[in-house]
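Here are the chains, one letter per residue:
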Amino acid sequence: MKKILFLAAAFALTLASCGNKQQKAEITEDSVKAFEQSQIEASIKVQLDSLASEAKKLKGIPGIQNMKDSIQLTDEEKMVKPTYLMDPAETAELQTLSEKYRALAMLFVDKKVAEAYDMDVTAYDEAISKLLAEVNDPALGALNSSVTYEENISTLYDAEEAAGRINLFWEMTTASTVEQVYVLCQNIDKYISAIDDAAAENMTFRMILLTDAMDRLADYDANVAELNDAMQPLKVLDALTVDQLKSQLMELKGDIEAVRASLLK
C-alpha cells in the first residue's frame, strides 16, 4: 500500500509541475462547459498527455481480456453460461457518442468472455459493427487484435487527440476497465487465477490514472463529470498483491456493479 501511495503522490507532483495549478470550479447545470478540446487549458492538456503516456505502458487486465487463452474452463463450466454479460440488444437505442463509445468498450470485453464459454457471438459482432458505423471514427477502425494492448492504447489516444476526442478516449478506456473488473468480480475465485502481484498493482495504478484524468476533464464535459462522480467509490482501490486485490474487490463488488450500471444511463 505504501508503495502505490508513493507512486501516486510522486506522479501527481510530476503532473502538477507541468503547469500552473488550476482551481476547479464547482460543476453545476449552468456552469458545465460543452466539451471542445481547444478549450482545455494548456497545463491541463500537458497533464492529460502525461497520464496517457503512463496508460500506454500498462498491460491489459490478465484473464478477462484474453480469457479464452488464459483461463482454463472445463466442459462442465462452459455449460453454465454467464448471465451477467451485457445484452447486445441493449445498445440498439443509444443516442449519444458518449454512450456509444462506452458500449463499444463493454461489448469488446463481453465478447471475449462469451467466446471463452463457446457462446454464439453473432449478436456481439452485429452490435459492434452497428455502433462502429454510427460513430464513424477511423481511430477505432485502426485498432488491431494482432498487436499488444499497449500498442492499441497508444494508437487510440494519438488518433483521438488528433481528432479532438480525448474525452471519448478516457470514457472508453474507463468503461473497458470497469467492465473487466465487473466481470472479474462475478467469478473471482476462477478468474483471478490469471492475475499475479504485478498485474494487481498494474490494475491499481490504472484506476489512479483513469480517475485522475476524469478529475481534470470533468470541468469540460458533463458526461465525464457524471462518470467521474460514479467512479469515486473505486478510488480506495490500492491493492499491491493478488490477495489484497481479491479482498478489496469483494468489498467493492456492490460499488463496482453500481458504476457499471451507470455507464449507459
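Source: prediction; values computed, not measured. (Residues numbered from 1 in each chain as written. Predicted model: local features only at pLDDT ≥ 70, side-chain atom pairs only at ≥ 80, totals over all residues. Heavy atoms only, no water.)

Draft legend 1. Molecular detail of the nonpolar core. Among the nonpolar cores identified, the biggest contains 79 residues, and Leu48, Trp170 and Ile195 are the most heavily contacted of them. The leading source of residues in this core is helix α9 (residues 166-186), at 12 residues. Setting aside anything within four residues of it in sequence, one finds Ile195 in contact with Ile61, Pro62, Leu184, Ala200, Met203, Val242 and Leu245. (Core = buried A, V, L, I, M, F, W, Y, C linked by side-chain atoms within 4.5 Å. Buried < 20%, exposed > 50% of the residue type's maximum accessible area, 1.4 Å probe, protein only. Helix = DSSP H or I, 4+ residues; strand = E, 2+ residues; numbered from the N terminus. Contact = heavy atoms within 4.5 Å.)

Draft legend 2. Broad picture of the packing of aromatic side chains. This structure, assessed with the given rule, holds four aromatic pairs. Taking 6.4 Å as the distance between ring centres and 80 degrees as the angle between the ring planes, the aromatic pair formed by Tyr84 and Tyr182 counts as edge-to-face. Of this pair, Tyr84 sits in the loop between α4 (75-79) and α5 (97-116) while Tyr182 is found in helix α9, placing the two residues 98 residues apart along the sequence. Of the residues examined, Tyr84 reaches a relative accessible area of 14% and is grouped as buried. By relative accessible area, Tyr182 is classed as buried at 9%. A network of ring pairs unites the aromatic residues Tyr157, Phe169 and Trp170 as a single cluster. (Phe/Tyr/Trp six-rings, centres within 6.5 Å; stacked < 30°, edge-to-face > 60°.)

Draft legend 3. Structural context of the side chain of Thr177. Turning to its location among the elements, Thr177 is positioned in helix α9. What makes Thr177 buried here is its relative accessible area of 1%. Contact partners of Thr177, with chain neighbours within four places excluded, come to Ile61, Arg206, Met207 and Leu210.

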